[in-house]
Amino acid sequence: MTPSSPRNFGIDCLRGVAILLVVIHHLALPFRLPLRPSLIGPWVPKRLIDFVSFNGYEAVFMFFVISGFLITTRILERDGDLRRVDLRGFYKARATRILPLLLVVLSALTLLALCGVPGFAPGDKQSILGLVGSALTFTFNWYEGQTGWAPAAWDVLWSLSIEEVFYLGFPLLCLALPRRFLVIGLAVLALSLMPLRALVPISNEVWWEKAYLPGMSAIAWGVLAALAAQRWQPGPRDARALALFGGFCVLLVLGWGELVHRHLLKSGMYGLCLGTCLMLIAFRARPPRITGGLQWLAHMGRLSYELYLTHMFIVLATVEGHRALLGKPQDWTFVVYVPAVALCVVLATLVERGMARAAIGRSPSRATLSRPAAAGE
């Protein structure tokens, strides 16, 4: 077994950007603490406010790409080839990484739902048992598609369902299919992202956003990028060019998505996936130097799973606290963003350390499996 490579500062920062966009998006929704009506609204360009406020969904697709890249890279490092993936080791690592924190978070969500806390209690068509059962069977997105939007604190679980269903089948396909057919299948899935989204009736808004196959298409982009990175390692100049062009693609989609949609054949999600892939390949080949000014962002990237599952506790508490202190006026919403993000990081850090200590208490050999891969995951 090949040891995992050291952490990659560039990839951690990329994940940090994605999770930061998710957290801010959940704060900035119009029915929570939006930035536009606040006192800084007239002084900040609308495009910049929209950029930081409304790219949470796109950030999740960046996570899908990164996840496919990192997990495939880990298989290649550990097993040497996708055709030699160790099923037992793969599934054990996934379960040990995903399930402990998921069970803790589900326990907290259930307790608050039983207490009837707004944002945690299920709606008319949902039940606590249905929410928990769908989360544990990785059908949460399907459950939402059938019953409507889940309570705010539970809603983040939809993307985990897409990822884990993909990873249940992916190693089996690696063993069953010749390498060429596997790559062709992944390429078809990746290029079908937008047609697959178009197949979902837009009248079902929840399922249109959270259907399995479009998210799996983004993961396939990451898998293909990892396979490309295995065969080709660009030199310093090419890696820099790839990273810059990839960053340009992502920035164009996040900042000028409506122009991409209108003038570039509605290709925004393709541009987002392609740009993310190019940066991943570049960072993998030539890891960026660690920069002190971005350590906080890399730290958020390293905690992205913990942040993703726990940040809504802080977000909802922040919204209720703001309303309790200042009522409905939204003049001062902007002041809560930095403290709220910082509290999210503190909570995620405490949770990560607690889970690590619990894993060490159970078995030293399992402690390393309960933490992310060195390259991130």
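Calculation criteria
- Residues numbered from 1 in each chain as written.
- Predicted model: local features only at pLDDT ≥ 70, side-chain atom pairs only at ≥ 80, totals over all residues.
- Heavy atoms only, no water.
- Core = buried A, V, L, I, M, F, W, Y, C linked by side-chain atoms within 4.5 Å.
- Buried < 20%, exposed > 50% of the residue type's maximum accessible area, 1.4 Å probe, protein only.
- Helix = DSSP H or I, 4+ residues; strand = E, 2+ residues; numbered from the N terminus.
- Expected span 1.5 Å × (residues − 1).
- Salt bridge = Lys/Arg side-chain N within 4 Å of Asp/Glu carboxyl O.
- Polar contact = N/O pair within 3.5 Å; in protein donor to acceptor, adjacent residues only side chain to side chain.
- Contact = heavy atoms within 4.5 Å.

### Let's talk about the nonpolar core
Argument step 1. Ranked by size, the top nonpolar core spans 114 residues in total, and within it Phe69, Leu109, Trp154 and Leu157 carry the most contacts.
Argument step 2. Top element by residues in this core is helix H3 (residues 56-79). It accounts for 14 residues.

### Notes on helix H11 (residues 212-231)
Argument step 1. Taking 1.5 Å per residue as the helical rise, H11 with its 20 residues ought to reach 28 Å, and the 29 Å between its terminal C-alpha atoms agrees with that figure.
Argument step 2. The element H11 is extensively covered by neighbouring structure, given that 15 of its 20 residues are classed as buried.

### Considerations on the pattern of salt bridges
Opposite charge on two side chains allows them to pair when their charged atoms are near.
Argument step 1. Inspection of the entire model under this criterion finds 14 salt bridges.
Argument step 2. Its salt-bridge partner being Arg7, residue Asp12 comes within 2.8 Å of it at the nearest N-O pair.
Argument step 3. Residue Glu306 pairs with Arg97 through a salt bridge whose shortest N-O separation is 3.1 Å. Of this pair, Glu306 sits in helix H16 (residues 304-326) while Arg97 sits in helix H4 (residues 87-114), placing them 209 residues apart in sequence.
Argument step 4. Overall, Glu306 belongs to the buried group, its relative accessible area being 4%.
Argument step 5. In the salt-bridge network here, residues are joined through shared partners; they are Arg7, Asp12, Arg15 and Arg302.

### Examining the side chain of His26
Argument step 1. Here His26 shows up in helix H1 (residues 9-28).
Argument step 2. Within the local environment of His26, its side chain forms a polar contact with the side chain of His311, the two groups lying 2.7 Å apart.
Argument step 3. If sequence neighbours within four positions are ignored, His26 has contacts with Arg32, Val156, His311, Met312 and Val315.

Don't take any of this as a statement about function, it's just geometry.
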